Amino acid sequence: MAWDTEKTKRLLLDAAVEEFAEHGFQGARVDRVAKSAGVNKERIYQYFGNKEQLFATVLDCELKKLAGAVPLTPEAAADLPEHVGRIYDYHLAHPHFARLVHWEALELGGDCELPAEQERTAHYMAKVQSIAAAQRGGQIDSALDARVLMLLVVHLAQMWSSLPQIAKMLMGGVADDTPETRRAAVVALTAKMVAP
């Protein structure tokens with residue numbers, strides 16, 4: 001029977017997503033990834049090179065999933081509050097995503113070259129151009145630099161998942177603190193921020 005390379009890569013990537021999300025880059029172990037995937041760890045080195053390249057591949061794949069699920073087109077930028085709501089929905093459905101990005105920030109920071117940095121920068125700048133087009137069209141306020149607005153959008157969409165401990169302290173015991181009310185708050189904040 002032929003070896004299913006694509007299936008093996010998928011199993012390894014799925015296991016690596018969980019491992020890196022749970023332990024970060026430094027704490028992640030290649031042997032745990034292999035064991036979780038049910039694959040010999042030598043396959044990791046064969047398919048991905050090393051732990052650094054595996055982490056870079058995981059980040060790249062997960063960022064592409066988000067970009068594909070919630071693209072920021074000029075049309076979506078015209079209704080930026082709803083777009084932020086959709087990103088919030090994505091984070092709610094994929095809680096590992098925020099952890100991966102935060103581990104990247106904590107362990108790699110902004111001083112060294114990040115995995116797929118040039119490609120990711122181009123992707124974010126395309127989003128900035130969509131926001132700028134909506135600003136020029138009068139759909140959203142043009143007072144803020146489109147780059148700053150993009151950064152705010154990213155933060156607003158993941159504020160609940162990026163600081164769950166503070167959200168718990170602030171909202172703990174509040175009866176109407178639900179995913180729906182959190183989403184509504186994120187959309188409302190964005191609407192106030194970008195109203196022309």
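To keep things clear, this report deals only with the structure shown in the data block. In this text the structure is predicted, and so the values were computed from the model without any measurement.

Basis of the calculations
Residues numbered from 1 in each chain as written. Predicted model: local features only at pLDDT ≥ 70, side-chain atom pairs only at ≥ 80, totals over all residues. Heavy atoms only, no water. 1 Å grid on protein atoms, 1.4 Å probe; cavity = no way out; pocket = protein on both sides within 12 Å on 5 of 7 lines; lining within 4 Å. Points joined across faces, edges and corners; volume = space filled by probe spheres on them. Helix = DSSP H or I, 4+ residues; strand = E, 2+ residues; numbered from the N terminus. Nonpolar A, V, L, I, M, F, W, Y, C, P; charged D, E, K, R; others polar. Phe/Tyr/Trp six-rings, centres within 6.5 Å; stacked < 30°, edge-to-face > 60°. Buried < 20%, exposed > 50% of the residue type's maximum accessible area, 1.4 Å probe, protein only. Lys NZ or Arg CZ within 6 Å of the ring centre and 35° of its normal. Core = buried A, V, L, I, M, F, W, Y, C linked by side-chain atoms within 4.5 Å. Contact = heavy atoms within 4.5 Å.

Things to note about the layout of surface pockets
Taken as a whole, the largest pocket spans an internal volume of roughly 900 Å³. Lining of the largest pocket is provided by 33 residues; of these, Leu 63, Val 101, Arg 120, Tyr 124 and Val 154 occupy positions nearest its centre. Sorting the residues of the lining of the largest pocket by element identifies helix H4 (51-69), helix H6 (80-93), helix H7 (96-108), helix H8 (117-136) and helix H9 (146-162) as the ones contributing at least two each. Ranked by the residues each element gives to the lining of the largest pocket, the list is headed by H8, at nine residues. Broken down by class, the residue content of the lining of the largest pocket amounts to 16 nonpolar, nine polar and eight charged. When its volume is computed, the second largest pocket comes out at roughly 240 Å³. Residue assignment for the lining of the second largest pocket shows that the elements contributing at least two residues are H6, H7, H9 and helix H10 (164-171).

Some remarks on the packing of aromatic side chains
For the structure on display, the rule yields five aromatic pairs. When the centroid spacing of 6.3 Å and the interplanar angle of 85 degrees are considered together, the rings of Tyr 90 and Phe 97 count as edge-to-face. Like Tyr 90, the residue Phe 97 is buried in the burial classification. Taken together, the ring pairs in this structure connect Phe 20, Phe 25 and Phe 55 into an aromatic cluster. Note that Lys 9 overlies the ring of Tyr 47, its terminal NZ or CZ placed 5.5 Å from the centroid.

Here we look at the nonpolar core
In this structure, Leu 72, Leu 80, Val 84, Ile 131, Ile 140, Leu 149 and Val 186 are the most contacted members of the largest nonpolar core, which totals 27 residues. When residues of this core are traced back to their parent elements, those giving at least two are H4, helix H5 (74-78), H6, H8, H9 and helix H11 (179-194). If you tally residues by element for this core, the top one is H9, at seven residues. With sequence-adjacent residues up to four places away left out, Val 84 is seen in contact with Val 153, Leu 156, Ala 157, Val 186 and Thr 190.

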